Amino acid sequence: MDAENSKSGVTRRRFVRDGILVPLSLAVAGGAVSTIFLRKGDARNFYLRPPGAIEEKRFLAACIKCGKCAQLCPYNSIRMAGPEAGVGTGTPHIVAREIPCYLCPDIPCAKACPSGALDSSLQEVEKIRMGTAVIVDRENCLSIRGLRCEVCYRQCPLIDRAITIEPRHNTRTGVHTIMEPVVHRDKCTGCGICENACVLEKPVIVVQKSPPVQKDYYDF
Ligand code: SF4
Ligand code: SF4
């Protein structure tokens with residue numbers, strides 16, 4: 001996975017937005033949520049912390065805001081929060097819709113952390129748990145609507161493990177098959193590549209911290 005793949009996701013997103021789809025809605029407004037600030041378009045109410053981050057309260061206490069994790073990230077995925085973050089000012093986070101985590105095999109960000117805010121003993125990318133991807137807008141997901149999209153599935157670095165495609169009968173048309181992307185929370189790392197790749201203006205799949213249980217089907 002490289003920055004070029006990221007760019008192709010954006011290109012397709014723009015193509016679909018401008019050429020095929022009527023824009024569905026504007027991005028979720030960013031703003032302060034308690035002491036947490038989220039950028040416009042970052043459709044979550046928590047900071048997506050870098051790989052290996054310990055529990056949030058302990059993270060805030062441990063992080064010395066040195067920025068080493070951000071310096072070592074080859075994709076510039078990690079950015080340091082500004083004063084709008086309150087107690088989190090200067091702490092690292094990832095805005096997946098802009099640049100997700102590309103799951104470097106050697107996890108250099110976590111290894112660089114001198115404070116223990118990131119678990120430097122983390123060895124396997126499969127064990128990273130930044131959050132869990134959730135299809136938050138099933139009505140607008142192109143695949144669930146019966147169209148051939150599946151971009152999130154194909155971009156997932158843990159394809160066929162973290163996201164699978166579950167075919168089922170399209171009861172709306174009666175003759176087609178719906179190829180539904182299904183996230184497996186026990187495998188999902190929360191890297192946000194699916195959120196970044198979603199072709200819609202407002203991503204229908206986003207990383208959440210404690211996602212609710214999803215319905216495993218949706219009929220129109
Ligand atoms: S694993 Fe790699 S891409 Fe992901 S945040 Fe760490 S350094 Fe950046
Ligand atoms: S390397 Fe560790 S201590 Fe330094 S900013 Fe990143 S998480 Fe915080």
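Definitions and limits used
- Within each chain, residue numbers correspond to sequence positions counted from 1 in written order.
- Written order decides the labels, with chains lettered from A and ligands numbered from 1.
- Given that this is a predicted model, residues contribute local features only at a pLDDT of at least 70 and side-chain atom pairs are listed and counted only at 80 or more, while totals for whole chains, interfaces and linings are drawn from all residues.
- In computing side-chain properties, one takes all heavy atoms of the structure into account and sets aside hydrogens as well as water.
- By definition, any uninterrupted DSSP run of H or I lasting at least four residues is a helix, any uninterrupted run of E lasting at least two residues is a strand, and each is numbered from the N terminus.
- Throughout, a residue-residue contact means that at least one pair of heavy atoms, one from each residue, lies within 4.5 Å.
- Under the rule applied, a polar contact is a pair of N or O atoms within 3.5 Å (in protein, one hydrogen donor and one hydrogen acceptor; residues adjacent in sequence only if both atoms are side-chain atoms).
- We call a set of buried Ala, Val, Leu, Ile, Met, Phe, Trp, Tyr and Cys residues a nonpolar core when their side-chain atoms join them within 4.5 Å.
- Any residue under 20% of the maximum accessible area for its type is buried, any over 50% is exposed, and the rest in between are partly exposed; the area is computed with a 1.4 Å probe on protein chains only.
- We define a salt bridge as a contact between a side-chain nitrogen of Lys or Arg and a carboxyl oxygen of Asp or Glu at a distance within 4 Å.
- We call a residue near a molecule or strand when any one of its heavy atoms sits within 4 Å of it.
- Each residue receives one of three labels: charged for Asp, Glu, Lys and Arg, nonpolar for Ala, Val, Leu, Ile, Met, Phe, Trp, Tyr, Cys and Pro, and polar for the others, Gly being one of them.
- Ring pairs shown here join Phe, Tyr and Trp side chains whose ring centres sit within 6.5 Å, with only the six-membered ring taken for Trp; geometry is labelled stacked below 30 degrees between planes, edge-to-face above 60, and tilted in between.

## Brief notes about the environment of Glu166
For step 1, the next point in the chain: By the element assignment, Glu166 lies in strand E6 (residues 163-169).
For step 2, the next point in the chain: Between the alpha carbons of Glu166 and Val182 there is a distance of 6.8 Å; along the sequence they are 16 residues apart.
For step 3, the next point in the chain: Each residue touching Glu166, except ones within four places of it in the same chain, is listed here: Ile178, Met179, Glu180, Val182 and His184.
For step 4, the next point in the chain: Here the side chain of Glu166 touches Thr164 through a polar contact of 2.6 Å, side chain to side chain.

## Section: the nonpolar core
For step 1, the next point in the chain: Residues Leu48, Ile78, Leu103, Ile107, Ile128 and Met130 are the most contacted members of the largest nonpolar core, which totals 26 residues.
For step 2, the next point in the chain: Going through the elements one at a time, helix H3 (68-72) and helix H4 (108-112) are the ones with two or more residues in this core.
For step 3, the next point in the chain: Beyond its immediate sequence surroundings of up to four residues, Leu103 is in contact with Val125, Ile128, Met130, Pro157, Thr189 and Cys191.

## Notes on the pattern of salt bridges
For step 1, the next point in the chain: Overall, the coordinates contain 8 salt bridges when judged by the stated rule.
For step 2, the next point in the chain: One salt bridge connects Arg138 with Glu180, and the closest N-O pair in it is separated by 2.7 Å. Linking Arg138 in the loop between strand E5 (132-135) and helix H5 (151-155) with Glu180 in strand E7 (residues 177-183), this pair joins segments that are 42 residues apart in sequence.
For step 3, the next point in the chain: According to the relative accessible area criterion, Arg138 is buried, its value standing at 11%.
For step 4, the next point in the chain: Across the pair Glu180 and Arg168 runs a salt bridge, and its minimum N-O distance is 2.8 Å. Of the two residues, Glu180 sits in strand E7 while Arg168 sits in strand E6, which places them 12 residues apart along the sequence. In this pair, the class of Glu180 matches that of Arg168, namely buried.

## Here's the deal with the site of ligand 1
For step 1, the next point in the chain: As a structural note, the neighbourhood of ligand 1 is formed by Pro51, Cys73, Pro74, Tyr75, Ser77, Ile78, Cys101, Tyr102, Leu103, Cys104, Pro108 and Cys109.
For step 2, the next point in the chain: Considered class by class, the residues forming the shell around ligand 1 number 11 nonpolar, 1 polar and no charged.

## Examining the packing of aromatic side chains
For step 1, the next point in the chain: Applying the stated criterion across every chain, the model contains 1 aromatic pair.
For step 2, the next point in the chain: Taken together, a centroid distance of 4.7 Å and an interplanar angle of 50° make the contact between Tyr75 and Tyr102 tilted. With a gap of 27 residues between them, Tyr75 in the loop between H3 and strand E3 (78-80) and Tyr102 in the loop between strand E4 (92-94) and H4 connect regions that are remote in the sequence.
For step 3, the next point in the chain: A residue is classified by how much of its surface remains accessible, and Tyr75, at 23% relative accessible area, is partly exposed.

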